[in-house]
Amino acid sequence: MDRQRLIQQIKSKNSYLCVGLDTDHAKIPVHLQSRPDAIIAFNKAIIDATKDHCVSYKINTAFYEAMGLKGWAAMEETVHYIPDTHFKIADAKRGDIGNTSTQYAKAFFETLPFDAITVAPYMGSDSVRPFLEYADKWTIVLGLTSNTGAKDFELQKTGDEYLYEKVLRTVAGWGNPANLMFVVGATQASAFENIRRILPEHFFLVPGVGAQGGSLKDISEKAMNADCGLLVNASRAVIYASEKEDFAEEAGAIARQYQFEMGQYL
Ligand SMILES: O=C(O)c1cc(=O)[nH]c(=O)n1[C@@H]1O[C@H](COP(=O)(O)O)[C@@H](O)[C@H]1O
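Rules used throughout
Residues numbered from 1 in each chain as written. Predicted model: local features only at pLDDT ≥ 70, side-chain atom pairs only at ≥ 80, totals over all residues. Near = placed C-beta within 6 Å. Nonpolar A, V, L, I, M, F, W, Y, C, P; charged D, E, K, R; others polar. Pairing = 2+ DSSP bridges. Helix = DSSP H or I, 4+ residues; strand = E, 2+ residues; numbered from the N terminus. Axes fitted to C-alpha atoms, helices over the stretch in contact; angles between N-to-C directions. Contact = placed C-beta atoms within 7 Å. UniProt positions renumbered as here; feature names shortened; annotations may be inferred. Buried ≥ 20, exposed ≤ 12 C-beta atoms within 10 Å, placed from the backbone. Core = buried A, V, L, I, M, F, W, Y, C linked by C-beta atoms within 7 Å.

1. Quick word on the site of the ligand
The local shell around the ligand holds 20 residues, among which Thr145, Ser146, Pro207, Ser235 and Arg236 are the closest. Per-class residue counts for the shell around the ligand are five nonpolar, 12 polar and three charged.

Next comes the structure, spelled out in structure tokens:
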């Protein structure tokens with residue numbers, strides 16, 4: 001999906017919500033757990049209930065890889081089930097020497113139909129470039145993450161700037177605002193304005209609202225640009241809104257609430 005189409009989806013839906021499919025067998029409703037197709041049945045119900053309120057889905061591959069072959073199969077079925085109107089993110093946090101990154105890019109962009117993949121920048125330009133070579137696909141590089149460990153490296157000074165600032169400025173030169181996004185954690189409110197100043201045009205993938213306590217209001221008021229420039233992810237707050245038979249209905253209701261609030265900021 002190209003940038004214009006993504007922006008158009010956001011405008012037509014009045015939403016920049018990305019629903020995170022961090023599907024954990026132990027957390028899905030008990031009545032589904034014994035089914036052999038438990039994960040895919042859960043995901044399909046969540047997608048059906050939330051698709052009118054969001055523009056994107058993020059599949060966190062860890063939750064599927066943890067289940068072995070059947071988890072990978074469920075991931076594959078899930079990504080094919082997501083409507084083409086929605087921006088599909090593989091949250092895989094890959095990045096390795098060039099020829100290995102080329103295989104990761106092939107896995108998620110050719111073998112699987114994802115629009116975007118999350119990538120760690122630590123190994124440098126040759127580890128990121130293979131992802132950027134795909135037309136109409138996106139590389140989402142970790143910028144300032146939502147976790148407390150962000151202070152161990154990202155928030156350390158290197159010269160007169162923070163390491164995350166160096167990452168944003170340097171990586172921005174490897175691609176452009178039509179094929180590169182950055183992860184900015186919703187819990188990092190004090191840095192939003194600075195990050196938007198450094199990168200006025202890029203989209204940010206913003207995880208950390210809901211379960212991690214980040215504020216949708218803060219990120220929206222401080223980091224939105226003329227094209228919106230934000231995809232705000234919520235995983236647990238949406239998909240585990242209820243642990244009963246009404247789980248999909250409740251997930252839809254939470255997604256609708258996010259969409260309503262987002263409509264006020266757009
Ligand atoms: O890359 C990510 O998506 C990510 C980066 C980050 O800094 N923090 C973060 O929470 N995430 C992911 O975003 C999702 C957040 O999930 P919830 O806290 O349940 O909404 C998880 O899939 C995390 O792996």
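2. Some words on the sheet that holds strand 9 (residues 203-207)
Taken in spatial order, the eight strands of this closed barrel run 1-2-3-4-5-8-9-10, and their pairing is parallel. Pairwise comparison of adjacent strand axes, ignoring direction, gives a mean angle of 30 degrees for this sheet. Examined bridge by bridge, strand 1 (residues 17-21) and strand 2 (residues 56-60) share four bridges and lie parallel to one another. Across the sheet, valine 19 pairs through a bridge with tyrosine 57, a residue of strand 2. The sheet contacts of helix 8 (residues 163-172) involve strand 5 (138-144) and strand 8 (180-184), and relative to strand 5 the element is tilted by about 160 degrees.

3. Let's talk about the UniProt feature "domain: Orotidine 5'-phosphate decarboxylase" (unreviewed entry) in the protein
Per the UniProt annotation, the sites labelled "domain: Orotidine 5'-phosphate decarboxylase" (unreviewed entry) are residues 16-251. In the segment residues 16-251, helix accounts for 39% and strand for 20%; the C-alpha atoms at its two ends are 16 Å apart.

4. Some points on unusual backbone geometry
Phi is positive for lysine 93, which is not a glycine, with a value near 45 degrees. Tracing the backbone shows lysine 93 in strand 3 (residues 87-94). Among the residues examined, lysine 93 registers 17 C-beta atoms within 10 Å and is labelled partly exposed. Its identity as a non-glycine residue notwithstanding, cysteine 228 has a phi of 85 degrees, on the positive side. Looking at the element boundaries, cysteine 228 is found in the loop between helix 10 (216-223) and strand 10 (230-234). For cysteine 228, a count of 20 C-beta atoms within 10 Å translates into the label buried.

5. A closer look at the nonpolar core
In this structure, Leu17, Ile140, Leu230, Val232 and Ala251 are the most contacted members of the largest nonpolar core, which totals 80 residues. Sort the elements by how many residues they give to this core and helix 12 (residues 247-265) lands first, with seven residues. Not counting residues within four places of it along the chain, the set of residues in contact with valine 232 comprises Tyr16, Leu17, Cys18, Val206, Val209, Leu216 and Ile219.

6. Regarding the pairing of strand 3
Most of strand 3 sits inside the fold, with six of its eight residues counted as buried. As defined by bridge partners, strand 2 adjoins strand 3 across five bridges and the pair is classed as parallel. Bridging from a neighbouring strand, tyrosine 57 pairs with lysine 88 of strand 3. By the bridge criterion, three bridges tie strand 3 to strand 4 (residues 116-119) in an arrangement that is parallel. When the sheet's bridge partners are listed, alanine 90 is paired in strand 4 with isoleucine 117.

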